[in-house]
Amino acid sequence: MTAPPEPRLRAVIQSAAEKLLTARCADDLDEARLEADLLYGEAAGLDRSHVIAAGGDPPAPDTLERFQALLARRLGHEPLAYILGFREFYGLRFAVGPGCLVPRPETETLVEAALAAIREHPRARRIVRVADVGTGSGAVAIAVARHAPSAKFFATDLSTEALAWAGKNRRTLGVTERVVLLAGNLLEPIGEPLDIVLANLPYVPTDEFEALPEEIRDSEPRLAVDGGDDGLAPFRSFADQLAAHIADGPVAVLMEIGAGQALFVEDLIRAGLGRDDCVTTIHRDLRDSRRVVEVRCGYPPAELAAGG
Ligand SMILES: C[S@@+](CC[C@H](N)C(=O)[O-])C[C@H]1O[C@@H](n2cnc3c(N)ncnc32)[C@H](O)[C@@H]1O
């Protein structure tokens, strides 16, 4: 009897994608195929284009075994980024794993707005002092630092596990000198006056947290996601600390928010700053949701900042 023909990689990927879709690990077949390609690439040490190019070949038995083990983890709803060990954010590769939130694409809105706030700050030609509160993997501080060479960063987190990931990313991405990592509550560990404060704090109300997909609720740290009864508990404590930590002169505070939180968060930030020379901007993300509240105080008018 002749042995049955070995399956081609294309068929292996298709079957894995169908399983991922059935297990609700992906929203559609395209996303499921992408995940299957990435998992196979991880097992084989190939990037996605090479996985696709090898579609007509039968996979090597040991690679197939490694792939099936990774697929089983994913079918058990472990986050894809934890299995792969990284997530791309703002064009950079961040190492992630248990203990830190996987950076989300919508947080790139905070990075974009932060870069503009630094560029337009009157100290921009000297050193702008920036905080990233609740830094997690370090995604925000590090992405901004890579594009703002005149800024110095103080990145805090209550979680020492998260700070270990941030430390690794700070090293790999070459900004160790300019990103100081500090363990502690919100702004408390920072001893320098700040020109710009960035924060992506937990903002999901507790009852919504319980209804989140299994892979977020059971794998990512609750401390990174659950914002208490109305989702705003960490924002209130943050606002109470603001006045003691900001510099005299121009300052900006930028916070990522969830649905329906913009007005509450604007009020909290303004009350916390206690200044009467402030202007608010709400930035929308790529899905057109209100995603970042920015309050600038004492900045020169835009035409003056532009030299007009
Ligand atoms: C939504 S995650 C953001 C992580 C990262 N900045 C990002 O955008 O991907 C919130 C982070 O805040 C941290 N955190 C929660 N409460 C905190 C507190 N009171 N002080 C400092 N960090 C806190 C969590 O550990 C978590 O890393």
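Report follows, based on the coordinates. Please read all numbers here as calculations on a predicted model, not as lab measurements. (Residues numbered from 1 in each chain as written. Predicted model: local features only at pLDDT ≥ 70, side-chain atom pairs only at ≥ 80, totals over all residues. Heavy atoms only, no water.)

## Some thoughts on the pairing of strand 3 (residues 128-133)
Stage number 1. Taking burial as the measure, the six residues of strand 3 include six buried ones, the bulk of the element.
Stage number 2. Of the two faces of strand 3, the one lined by Val128, Val130 and Asp132 and the one lined by Arg129, Ala131 and Val133 are each fully buried.
Stage number 3. A crossover links strand 3 with its parallel partner strand 4 (residues 151-157), the connecting element being helix 7 (residues 139-147), and its sense is right-handed.
Stage number 4. Of the strand pairs in this sheet, strand 3 and strand 6 (residues 196-199) are connected by four bridges, and their pairing is parallel. Bridge assignment links aspartate 132 to a residue of strand 6, and that residue is leucine 198. (Buried < 20%, exposed > 50% of the residue type's maximum accessible area, 1.4 Å probe, protein only. Helix = DSSP H or I, 4+ residues; strand = E, 2+ residues; numbered from the N terminus. Right-handed = clockwise from strand over helix to strand, strands pointing away. Pairing = 2+ DSSP bridges.)

## A short note on the site of the ligand
Stage number 1. Near the ligand lie 17 residues; those nearest to it are Gly134, Asp157, Asn185, Leu186 and Asn200.
Stage number 2. Take threonine 135: an N or O atom from its main chain is 3.3 Å from a nitrogen atom of the ligand.
Stage number 3. Residue asparagine 200 places a side-chain N or O atom 2.8 Å away from an oxygen atom belonging to the ligand.
Stage number 4. Its residues assigned to classes, the shell around the ligand shows eight nonpolar, eight polar and one charged. (Near = heavy atom within 4 Å. Polar contact = N/O pair within 3.5 Å; in protein donor to acceptor, adjacent residues only side chain to side chain. Nonpolar A, V, L, I, M, F, W, Y, C, P; charged D, E, K, R; others polar.)

## Quick word on helix 4 (residues 61-75)
Stage number 1. Counted at 1.5 Å a residue, the expected span for helix 4 with its 15 residues is 21 Å, and the 21 Å between its end C-alpha atoms agrees.
Stage number 2. Among the residues of helix 4, those classed as buried are Thr63, Phe67, Leu70, Leu71 and Arg74. Taken down its axis, helix 4 places every buried residue within 105 degrees of arc, on the same side. Helix 4 presents Pro61 and Glu65 as exposed residues on the side facing more than 90 degrees away from its buried surface.
Stage number 3. Looking at the residues trailing helix 4, positive phi occurs at histidine 77, about 70 degrees. (Expected span 1.5 Å × (residues − 1). Arc of directions from axis to C-beta.)

## Digging into the nonpolar core
Stage number 1. Membership of the largest hydrophobic core comes to 33 residues, with the highest contact counts inside it found for Ile118, Val130, Val144, Phe153, Ile196, Leu198 and Leu254.
Stage number 2. Counting residues per element, the ones that place at least two in this core are strand 2 (92-95), helix 6 (108-119), strand 3, helix 7, strand 4, strand 6 and strand 7 (251-256).
Stage number 3. With near-sequence residues (within four places) excluded, valine 144 lies in contact with Val111, Ala114, Leu115, Ile118, Phe153 and Leu198.
Stage number 4. Formed by 29 residues, the second largest nonpolar core is a distinct cluster that contains Leu186, Leu242, Ile257 and Val265. (Core = buried A, V, L, I, M, F, W, Y, C linked by side-chain atoms within 4.5 Å. Contact = heavy atoms within 4.5 Å.)

## Details of the state of the cysteines
Stage number 1. Within this structure, the stated rule accounts for one disulfide.
Stage number 2. Disulfide partner of cysteine 278: cysteine 297, at an S-S distance of 2.2 Å. Between cysteine 278 and cysteine 297, the disulfide has an S-S torsion of 95 degrees and is therefore right-handed. Of this pair, cysteine 278 sits in strand 8 (residues 278-284) while cysteine 297 is found in strand 9 (residues 290-297), placing the two residues 19 residues apart along the sequence. Comparing cysteine 278 with cysteine 297 shows no difference in burial state: the two are buried.
Stage number 3. Not part of a disulfide, cysteine 25 finds its nearest cysteine sulfur in cysteine 100, a span of 20 Å. (Disulfide = S-S within 2.5 Å.)

## A look at helix 8 (residues 160-172)
Stage number 1. For helix 8, built from 13 residues, the straight-helix expectation of 18 Å at 1.5 Å per residue is met to within 8% by its first-to-last C-alpha distance of 18 Å.
Stage number 2. Listed as buried for helix 8 are Ala162, Leu163, Trp165, Ala166, Gly167, Asn169 and Arg170.
Stage number 3. Elements that come into contact with the buried residues of helix 8 comprise strand 2, helix 7, strand 4 and strand 5 (179-183).
Stage number 4. Structurally, the start of helix 8 carries an N-cap: the backbone nitrogen of glutamate 161 is 3.4 Å from a side-chain oxygen of serine 159.
Stage number 5. Phi turns positive, to about 75 degrees, at glycine 174, one or two residues after helix 8.

## Brief notes about the side chain of glutamine 261
Stage number 1. Along the chain, glutamine 261 falls in the loop between strand 7 and helix 13 (262-273).
Stage number 2. Judged by its relative accessible area of 5%, glutamine 261 falls in the buried class.
Stage number 3. When sequence neighbours within four positions are dropped, the list of residues in contact with glutamine 261 reads Tyr203, Asp230, Gly231 and Leu232.

## Examining unusual backbone geometry
Stage number 1. Even without being glycine, arginine 24 reaches a positive phi, approximately 60 degrees.
Stage number 2. Owing to a relative accessible area of 72%, arginine 24 belongs among the exposed residues under this scheme.

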